[in-house]
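If you want the building blocks of each chain, they are given just below.
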Amino acid sequence: METIIPETASRESGSQYAKRVSRREFAQEIQRRARIRRIAIALVCCFVVVGVAAGVGVATFFGSIDAKLALKGSDVTSALAAPDESGAFYAVVAADLDAAGSPGALEGPDAVALVRIDASTKSATLVSVPANTQITLKDGKTHQLRDAASVGDGALVDAVAKLTGVRVSHYVKIDAAGIVGLVDALGGIEVNVGEEVDDPTAGDVYLRPGTQTLDGQAALTFLRANNFTDGLKAQTANQRMFLAALSLRLLDEGTFGFLELLDAADETFQTDMSAADALSLADTLRGMQKEAVFGALLPGYELERDEATYYAVGSEDRDAMMEIVSAGEDPAAHEAVAQVDPASFTITVRNGSGVTGGASQIANVLAEKGFNVVETGNTDSFAYHETLIVYKDETFLPAAQTIITALSAGRAVNGGDFYTFDTDVLVVLGEDWRPAA
């Protein structure tokens, strides 16, 4: 059979033709792959551009919120400390309840709370620290806690930290307009009004007893009112209730709702926390139950000094309560005996220890703390190993407890029938008494 060879212009062989075709296909494949690479690079560039734009947008959004939340001109960072190893941390919340420019308004916050937050257990403890709590500032003089704010946010936080013996990690402050704006933005806050609120000095709103939803103005009246049977105790309880309800309501917003609220808040409150940190904390605490929010008033008593009312914190009761708070337990379990103005009752001091001048020493210590010591002397025998605070009847038990708190020593004894003294309380100095240096 005759072999037929295909005609070519160059008369090339079959193998040569095959090689030429292979080279052409190879070149076409190279071109195809190059086109794919160019398309892929273009798509990657598009994604990068979109991602960068989105990142810039998110950063701009959070930056805008941070600017609204920022504490302008504040020195608070100097007083803040990192949380301890437990992961729980403390924050100070301060509220100025006076309307801007209102006549007779006192400088500084009207409500202060120390808040312990434990994200691991989704729990919180609110400790009310009255704004008129007695403190000493760097000038060495006695002041009310609110006066520290005139020095700076750092001084206020530092004062609360020293009063309670804890490390404070964050600070939040808000004013009257901010409270109204925040409550109204949330559509109201539900609270249970235990005692009717009808205080003309607090606002024009009347609040009946029972559960109800407060708008901004009603909330402000609720926080300001103090004309109750037990004014300070009832007022601080209302303030804690409101703060707890507000916090739980904020957590109900969800991630996007929370961010929208922060963005719309427009400087209703200020904090050292960034928007991202606040969001992270809110996400962690979301689902916290009402039963996991505890509250208490820092133990103490009111007294009059230099024509002003101060709240004096009792060191013994304070330490006992703060130990419970730091353990994450309910401080309501610590039932402190009510304390009273040290100048409102009379005291006899007798030396039962045999230490020369002991009665005068303890009498001077009590007098410096505002107590009314009217008589000093010795007991019939120096046989007392323990310092006793003897009260005539149950009416003076709070008075005896106030002395124990002031001295950080002594045991209360109901001994009106066994001890002879003409004053309301008798202090018998024992061998255990060690006056402070």
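The coordinates are above.
First things first, this report covers the structure right here in the doc.

About the thresholds
In every chain, residue numbers begin from 1 and rise along the written sequence. Where totals are concerned, whole chains, interfaces and linings use all residues; where local detail is concerned, this predicted model gives features only for residues with pLDDT of at least 70, and gives and counts side-chain atom pairs only at 80 or more. Values reported for side chains reflect all heavy atoms of the structure, with hydrogen atoms and water molecules removed beforehand. Elements are defined by DSSP. Helices are runs of H or I of four residues or more, strands are runs of E of two residues or more, and each kind is numbered from the N terminus. Under the convention used throughout, the expected extent of a helix is 1.5 Å for every residue step, that is, one less than its residue count. In this scheme, a residue with accessible area under 20% of its type's maximum is buried, one over 50% is exposed, and one in between is partly exposed, where area comes from a 1.4 Å probe on protein chains only. Each direction from the helix axis to a C-beta atom contributes to the arc, which is the arc of those directions. A pair of strands is treated as paired once DSSP finds two or more bridges between them. The angle between two axes is taken between their N-to-C directions and runs from 0 to 180 degrees, where each axis is a line fitted to C-alpha atoms and a helix contributes only its stretch in contact. Here, a salt bridge means any Lys or Arg side-chain nitrogen found within 4 Å of an Asp or Glu carboxyl oxygen. Grouping buried Ala, Val, Leu, Ile, Met, Phe, Trp, Tyr and Cys residues that are joined through side-chain atoms within 4.5 Å yields what is termed a nonpolar core. Pairs of residues are marked as contacts when any of their non-hydrogen atoms sit within 4.5 Å. Should an angle fall under 35 degrees it is called roughly parallel, over 145 degrees roughly antiparallel, and 65 to 115 degrees roughly perpendicular, with every other angle called oblique. Left-handed describes a crossing whose near helix is turned anticlockwise from the far helix through less than a right angle; right-handed describes the clockwise counterpart. Gly is placed with the polar residues, together with every amino acid not listed as nonpolar (Ala, Val, Leu, Ile, Met, Phe, Trp, Tyr, Cys and Pro) or charged (Asp, Glu, Lys and Arg).

### Overview of helix α9 (residues 315-326)
Here comes step 1: Relative to the 16 Å expected for twelve residues at 1.5 Å per residue, α9 spans 16 Å between its end C-alpha atoms, a close match to the ideal helical length.
Here comes step 2: Every buried residue belonging to α9 is among Asp317, Arg318, Met321, Met322, Ile324 and Val325, and all of these are buried. Along the long axis of α9, the arc covered by the buried residues comes to 155°, so they all point the same way.
Here comes step 3: The first or second residue beyond α9 is Gly328, which carries a positive phi of 80°.

### A few points about the sheet that holds strand β3 (residues 123-128)
Here comes step 1: Taken in spatial order, the six strands make up an open sheet running β9-β6-β1-β2-β3-β10, and their pairing is mixed. Edge strands, defined here as strands with exactly one partner in the open sheet, are β9 (269-271) and β10 (293-297). When the angles between neighbouring strand axes are averaged without regard to direction, this sheet yields 20°.

### Details of the pattern of salt bridges
Here comes step 1: By the definition in use, this model includes eight salt bridges.
Here comes step 2: As a salt-bridge pair, Asp283 and Arg286 come within 2.5 Å of each other at their nearest N and O atoms.
Here comes step 3: For Asp283, a relative accessible area of 32% puts it in the partly exposed group.

### Looking at the nonpolar core
Here comes step 1: Within the largest apolar cluster, 58 residues are counted, with the highest numbers of intra-cluster contacts made by Ile179, Ile189, Val191, Phe222 and Phe242.
Here comes step 2: If you tally residues by element for this core, the top one is helix α6 (residues 231-251), at nine residues.
Here comes step 3: Beyond its immediate sequence surroundings of up to four residues, Val191 is in contact with Gly210, Thr211, Gln212, Leu214, Phe222, Met241, Phe242 and Ala245.
Here comes step 4: Counting residues in hydrophobic clusters, the runner-up holds 29 residues, among them Ala94, Ala148, Ala159 and Tyr171.

### Considering the pairing of strand β2 (residues 111-118)
Here comes step 1: Most of β2 is tucked away: eight of the eight residues are buried.
Here comes step 2: Side-chain alternation along β2 places Ala111, Ala113, Val115 and Ile117 on one buried face and Val112, Leu114, Arg116 and Asp118 on a second face that is also buried.
Here comes step 3: Taken together, the seven bridges between strand β1 (residues 89-96) and β2 define a ladder with antiparallel strand orientation. Bridge pairing in β2 links Tyr90 to Arg116.
Here comes step 4: In the sheet, β2 pairs with β3 via six bridges, with the strands oriented antiparallel. Paired with Ile117 across the strands is Ala124, a residue of β3.

### Focus: unusual backbone geometry
Here comes step 1: Of note in the backbone geometry, Lys122 takes a positive phi value of approximately 50° without being a glycine.
Here comes step 2: Inspection of the secondary structure puts Lys122 in the loop between β2 and β3.
Here comes step 3: Judged by relative accessible area, which is 32%, Lys122 ranks as partly exposed.

### Observations concerning the sheet that holds strand β15 (residues 388-391)
Here comes step 1: Pairing in this open sheet of five strands is mixed, and the strands run β14-β13-β17-β15-β16 from one edge to the other. Every other strand in the sheet has two partners, leaving β14 (372-378) and β16 (411-414) as the edge strands with one partner each. Shown here is a sheet whose adjacent strand axes are inclined to one another by a mean of 25°, direction ignored.
Here comes step 2: Note that strand β13 (residues 346-351) and strand β17 (residues 425-429) share five bridges and pair parallel. Along β17, the bridge assignment pairs Thr348 with Leu426.
Here comes step 3: Across the sheet, helix α10 (residues 358-368) touches β13, β14 and β17, and the angle it forms with β13 is around 150°.
Here comes step 4: On top of the sheet, helix α11 (residues 397-407) reaches β13, β15, β16 and β17; it is set at about 160° to β15, its chief contact.

### So, the environment of Asp84
Here comes step 1: Mapped onto the fold, Asp84 is located in the loop between α1 (14-69) and β1.
Here comes step 2: Judged by relative accessible area, Asp84 falls into the partly exposed class, the value being 40%.
Here comes step 3: Separated by 83 residues in sequence, Asp84 and Arg167 have C-alpha atoms that sit 8.1 Å apart.

### Observations regarding the packing of helix α4 (residues 176-185) against helix α5 (residues 216-224)
Pairs of packed helices are described in terms of their axes, by the angle between the two and the distance that separates them.
Here comes step 1: For the pair α4 and α5, interaxial distance at closest approach is 8 Å and the crossing angle is 130°. The orientation of α4 relative to α5 falls into the category oblique. α5 is crossed by α4, and the crossing has right-handed handedness. Residues Ala176, Ile179, Val180, Val183 and Asp184 of α4 form the contact with α5, whose own contacting residues are Gly216, Gln217, Ala219, Leu220, Leu223 and Arg224.
Here comes step 2: Here the residues of the contact of α4 with α5 sort into seven nonpolar, two polar and two charged.

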